[in-house]
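Inside the fold
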Amino acid sequence: MVEWTDFERATIQNIFSKIDYDVVGPAALTRCLVVYPWTQRYFAKFGNLYNADAISANPNVKAHGKTVLCGLERAVKNLDNIKAEYTELSVLHSEKLQVDPDNFLLLADCLTVVIAAQLGEDFTADVHAAFQKFLAVVVSALRKQYY
Ligand code: HEM
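Since we're looking at a predicted model, the values are computed, not measured.

Glancing now at the overall build of the chain. Helix and strand counts for the chain come out as 8 helices and 0 strands. Moving toward the C terminus, one meets the helices and strands of the chain in the order α-α-α-α-α-α-α-α. Against the globule reference of 15 Å for 147 residues, the chain gives a C-alpha radius of gyration of 15 Å, in line with a compact fold. Judged by the C-alpha coordinates and their principal axes, the chain covers about 45 × 40 × 20 Å. Taking the intrachain contacts of the chain between residues at least 6 apart in sequence as the baseline, contacts between residues at least 24 apart amount to 74%.

The following block contains the structure:
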């Protein structure tokens, strides 16, 4: 089981209380689809993903970006039990969607970049470390079903 310090718990909760899901979710998913274009293959039904402008204007990308943030919020609310909380999501991504699990880290990195830009000087090295650990646990929980 993952051990969290008081600082890590407070930092993760604080980040999620500060950010706007409607901004951060779409921005992170857009960045992922633009910077790592092979991730587009999973979102064929989302319509026009032709270029960066089309991706950032795509309403399905916007909506799904928020969905991902709501998924992360479930992890924030269950820091001591993320693996169990994510069991169904892991099954969905592995068995139904067949997402290559390497892509989880790519989206996680895009989230880090977007959140760092939003928080500015509040995104200190210690805050970064706590957030990175949170994302590593999330990615590991999503990967669980693949082993
Ligand atoms: C931080 C990592 C991720 C989280 C927290 C996450 C979370 C979610 C959530 C909450 C859903 C909705 C599940 C439902 O409807 O019950 C979902 C669906 C989906 N995810 Fe992920 N996801 C992550 C990474 C990825 C990556 C990297 C890809 C592909 C590159 C991906 C592809 C999809 C697809 C294709 C769907 C279904 C979309 C739809 O049919 O509308 N996910 N994800």
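When two helices pack together, you describe them by how their axes are tilted relative to each other and by the distance separating the axes. Between helix α1 (residues 6-18) and helix α8 (residues 125-143), the shortest axis-to-axis distance is 9 Å and the interhelical angle comes to 85°. By the angle class used here, α1 and α8 are roughly perpendicular. Contacts between α1 and α8 pair Phe 7, Glu 8, Thr 11, Ile 12 and Ile 15 from the former with Val 127, Ala 130, Phe 131, Lys 133 and Phe 134 from the latter. Taken together, the residues of the contact of α1 with α8 break down into 7 nonpolar, 1 polar and 2 charged.

Around the ligand sit 19 residues in total, of which Thr 39, Tyr 42, Gly 71, Asn 103 and Leu 107 are the nearest. When contributions to the shell around the ligand are tallied by element, the ones reaching two or more residues are α4 (59-77), α6 (87-96), α7 (102-119) and α8. Sorting elements by how many residues they give to the shell around the ligand places α4 first, with 5 residues. Considered class by class, the residues forming the shell around the ligand number 13 nonpolar, 6 polar and no charged.

Right, let's get into the packing of α7 against α8. Relative to each other, α7 and α8 sit at 155°, their axes nearing to 10 Å. When the axis of α7 is compared with that of α8, the two are roughly antiparallel. The chirality of how α7 crosses α8 is right-handed. Side by side, α7 and α8 meet where Phe 104, Leu 105, Ala 108, Leu 111, Thr 112 and Ile 115 of the first sit next to Phe 131, Gln 132, Leu 135, Val 138, Val 139, Leu 142 and Arg 143 of the second. Grouping the amino acids of the contact of α7 with α8 by side-chain chemistry returns 10 nonpolar, 2 polar and 1 charged.

Before going further, it helps to spend a moment on the UniProt feature "domain: Globin" (unreviewed entry) in the chain. When the UniProt feature table is mapped onto this chain numbering, "domain: Globin" (unreviewed entry) sits at residues 3-147. Along residues 3-147, the helical share is 72% and the strand share 0%, with 23 Å between the first and last C-alpha atoms.

In this section: α7. The end-to-end C-alpha separation of α7 is 26 Å, in line with the 26 Å expected for 18 residues at 1.5 Å each. Looking only at α7, the buried set comprises Phe 104, Leu 107, Ala 108, Cys 110, Leu 111, Val 114 and Ile 115. In an axial view of α7, the angular spread of the buried residues amounts to 160°, which keeps them on one side of the axis. Exposed side of α7, more than 90 degrees from the buried face: Asp 102 and Ala 117 are the residues found there. Those residues of α7 hidden inside the fold are in contact with α1, α2 (21-35) and α8. Phi turns positive one or two residues past the end of α7, at Gly 120, with a value near 60°.

Rules behind the numbers
- Each chain has its residues counted from 1, following the order in which its sequence is written.
- With the structure being a predicted model, the display of local features is reserved for residues of pLDDT at least 70 and the display and counting of side-chain atom pairs for 80 or more, all residues being used for whole-chain, interface and lining totals.
- To qualify as a helix, a DSSP run of H or I must reach at least 4 residues; to qualify as a strand, a run of E must reach at least 2; elements of each kind are numbered from the N terminus.
- What the globule rule says is 2.2 Å times the number of residues to the power 0.38, and the radius of gyration is computed from C-alpha atoms.
- The contact criterion used is a C-beta to C-beta distance within 7 Å, with each C-beta placed from the backbone.
- Think of each axis as a best-fit line through the C-alpha atoms, taken over the contacting stretch in the case of a helix, with angles from 0 to 180 degrees between the N-to-C directions.
- Each angle is binned into one of four classes, with values under 35 degrees roughly parallel, values over 145 roughly antiparallel, values of 65 to 115 roughly perpendicular, and all other values oblique.
- Each residue gets one of three labels, nonpolar for Ala, Val, Leu, Ile, Met, Phe, Trp, Tyr, Cys and Pro, charged for Asp, Glu, Lys and Arg, and polar for the others, Gly among them.
- In this analysis a residue is considered near a molecule or strand if the C-beta atom, reconstructed from its backbone, is found within 6 Å of that molecule or strand.
- Handedness of a crossing is defined here by the sense of rotation of the near helix relative to the far one, left-handed for an anticlockwise turn of less than a right angle and right-handed for a clockwise turn.
- UniProt positions are given in the numbering used here, feature names are shortened, and annotations may be inferred rather than shown by experiment.
- To estimate the expected span of a helix, subtract one from its residue number and multiply by 1.5 Å.
- Residues with at least 20 other C-beta atoms within 10 Å of their own are called buried, those with 12 or fewer are called exposed, and the rest are partly exposed. The C-beta atoms themselves are positioned from the backbone.
- Here the arc refers to the directions that run from the helix axis out to each C-beta atom.

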